[in-house]
Amino acid sequence: MANSKYEYVKKFEVEDKLPPCNWVILRIDGCHFHRFSAVHDFEKPNDVNALMLMNSCAVAMLEHFPDIAFDYGVSDEYSFIWKETSQFYQRRASKILSLGVSFFTSMYVIKWRDFFPHKELKEPPYFDARIVCYPRAKIVRDYLSWRQVDCHINNQYNTCFWKLVQSGKSEKEAQELLKGTLAKDKNEMLFTQFGINYDKLPAMFKKGSCVYKDHVEETVKIDEAGNPVKRRRQMVVVDHIDIIGNKFWKDHPNILKED
Ligand SMILES: Nc1nc2c(ncn2[C@@H]2O[C@H](COP(=O)(O)OP(=O)(O)O)[C@@H](O)[C@H]2O)c(=O)[nH]1
Ligand SMILES: [Mg+2]
C-alpha cells in the first residue's frame, strides 16, 4: 500500500548522518558493572577472564565491521575507531551505534561460556554507547591517550584500595587512606606495605588492551631442504602496550593514516 495516508509519519524521522572525513569513535561502557562484577564474583580489582572476554568481543567487532581501524579497551569499556572514510550505512550515527553495541553485547553472551565455563550468566550484560567524531588523527591519538591515562590512574588506585581491604581495612578506611595521595605515594605504599612492584603487574591491567590488524610472518611449511617457508599475513592482534608515546604509531603508520 504505497503512498498511504499514514506514510507522512516517516517525515518525523531526523537525519543523523555524521560529518564526512571525521574519525568516528564508538565507545561502549558496561551498565551497572559494579553490580554485574559482584554478582559474578569477578576478581578484584582485575579479573583476567572478564577482561579477556571483553577483548575477545572486541576482536569479533574488528573482524565483523571492516571499517573499524582500532579498538582500545579497559575495565568494562571499549572504544572502536572507525576510519574517517567509512561509508557504513551512509555514516548514520544511529546505525553505527546500535549495530555496534548490540553486536558486542551478543558476542559477550555467546562467548561467556568460553571464559567462564563454570559460572552461570546470572544477569543480562548490557552496555551504553556514544559516538564522538574527531576531524584529525591527532585528536584521535589524544582521545586514546586520555583513556590510557585513565586506565593507569584507576588501576593504580584500585590495586592499592583492594590490597588495603584484603589486609583488613574497611572500604571506608581504605578510601580515607588513599585520599589526596599522588601516584608515587601509591607506588611506595604498594612496595613497602605489600611488597608489590607496580611496574611488574600484568601489562593488560596497567595499559589496557589494543586490538588491531597487523602483518605477522608465519611459517606455512618446511621445504625439502628443511628450511621454513614463511608468508606475511594480516592478522588481528591483541596487545597491551603504550599508545601515548610515538613509538607504537610510528611502527603502525597505517592504522590512523588519513586519506
Ligand atoms: N571486580 C572487578 N570489577 C570490575 C572489573 N572490571 C570492571 N569492574 C567493575 O565495573 C565498574 C566499571 O566502572 P563504571 O562503568 O564507572 O561503573 P558502572 O556504572 O557500575 O558500570 C568498576 O568500578 C568495577 O566495579 C574487574 O575486572 N573486576
Ligand atoms: Mg560501566
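Notes on the structure follow. (Residues numbered from 1 in each chain as written. Chains lettered and ligands numbered in written order. Predicted model: local features only at pLDDT ≥ 70, side-chain atom pairs only at ≥ 80, totals over all residues. Heavy atoms only, no water.)

Moving on to the environment of proline 20. Mapping proline 20 onto the fold places it in the segment before strand E1 (23-30). Judged by relative accessible area, which is 57%, proline 20 ranks as exposed. In sequence terms proline 20 and threonine 85 are 65 residues apart; their C-alpha atoms lie 7.5 Å from each other. (Helix = DSSP H or I, 4+ residues; strand = E, 2+ residues; numbered from the N terminus. Buried < 20%, exposed > 50% of the residue type's maximum accessible area, 1.4 Å probe, protein only.)

Turning next to the site of ligand 1. In the neighbourhood of ligand 1, 14 residues make up the surrounding shell, with Gly30, Phe33, His34, Glu43 and Asp47 lying closest. Contact distances for ligand 1 include 2.8 Å between an oxygen atom and a side-chain N or O atom of histidine 34. Within the backbone of aspartate 47, one N or O atom sits 2.8 Å away from an oxygen atom of ligand 1. Taken together, the elements giving at least two residues each to the shell around ligand 1 come down to E1 and helix H1 (33-39). Of all the elements, H1 adds the most residues to the shell around ligand 1, at three residues. Along the lines of polarity and charge, the residues of the shell around ligand 1 split into three nonpolar, six polar and five charged. (Near = heavy atom within 4 Å. Polar contact = N/O pair within 3.5 Å; in protein donor to acceptor, adjacent residues only side chain to side chain. Nonpolar A, V, L, I, M, F, W, Y, C, P; charged D, E, K, R; others polar.)

Moving on, we get to the environment of methionine 52. By secondary structure assignment, the location of methionine 52 is in helix H2 (residues 48-64). Residue classification places methionine 52 among the partly exposed residues on the basis of a relative accessible area of 35%. Each C-alpha atom, one on methionine 52 and one on glutamine 175, is 28 Å from the other, the two residues being 123 residues apart in sequence. Sequence-distant contacts of methionine 52, defined by excluding residues within four places in its chain, comprise Phe115 and Met204. (Contact = heavy atoms within 4.5 Å.)

The next thing to look at is the sheet that holds strand E2 (residues 68-74). Taken together, six strands build an open sheet; the order of strands is E4-E1-E3-E2-E5-E6 and the sheet is antiparallel. Edge positions in the open sheet fall to strand E4 (127-134) and strand E6 (228-239), since each of these has one partner strand only. Averaged over all pairs of adjacent strands, the angle between strand axes in this sheet comes to 25°, irrespective of strand direction. One ladder, built from six bridges, connects E1 with strand E3 (residues 77-82); its direction is antiparallel. (Pairing = 2+ DSSP bridges. Axes fitted to C-alpha atoms, helices over the stretch in contact; angles between N-to-C directions.)

Attention shifts here to the coordination of the magnesium ion (ligand 2). Protein coordination of the magnesium ion (ligand 2) is provided by Asp29 (OD), Gly30 (O) and Asp76 (OD), with donor distances spanning 2.0 to 2.1 Å. Overall, aspartate 29 belongs to the partly exposed group, its relative accessible area being 22%. For aspartate 76, a relative accessible area of 14% gives the class buried. (Donors = N, O, S within 2.8 Å, 3.2 Å for Na, K, Ca; no water.)

Looking now at the pattern of salt bridges. The final tally for this structure, using the stated rule, is ten salt bridges. Between arginine 147 and glutamate 77 there is a salt bridge, and its shortest N-O distance comes to 2.9 Å. Remark: glutamate 77 occurs in strand E3 and arginine 147 occurs in helix H4 (residues 137-166); sequence separation between them is 70 residues. Just as arginine 147 is buried, glutamate 77 falls in that class too. Across the pair glutamate 176 and lysine 179 runs a salt bridge whose closest N-O atoms are separated by 3.4 Å. (Salt bridge = Lys/Arg side-chain N within 4 Å of Asp/Glu carboxyl O.)

Tallied over the entire structure, the rule returns 30 aromatic pairs. Between tyrosine 212 and phenylalanine 248, the aromatic rings sit 5.1 Å apart at their centres with planes inclined by 75°, giving edge-to-face as the arrangement. Taken together, the positions of tyrosine 212 in strand E5 (residues 209-222) and phenylalanine 248 in helix H8 (residues 247-251) put the pair 36 residues apart, joining distant regions of the chain. Pair check on accessibility: tyrosine 212 and phenylalanine 248 agree, each one buried. Plain terms: the ring middles of phenylalanine 248 and tryptophan 249 are 4.8 Å apart, the flat faces sit at 85° to each other, and that makes the pair edge-to-face. The burial state of phenylalanine 248 is the same as that of tryptophan 249; both residues are buried. The ring of tryptophan 146 has arginine 147 sitting right over it, with the charged end atom 4.2 Å from the ring centre. (Phe/Tyr/Trp six-rings, centres within 6.5 Å; stacked < 30°, edge-to-face > 60°. Lys NZ or Arg CZ within 6 Å of the ring centre and 35° of its normal.)

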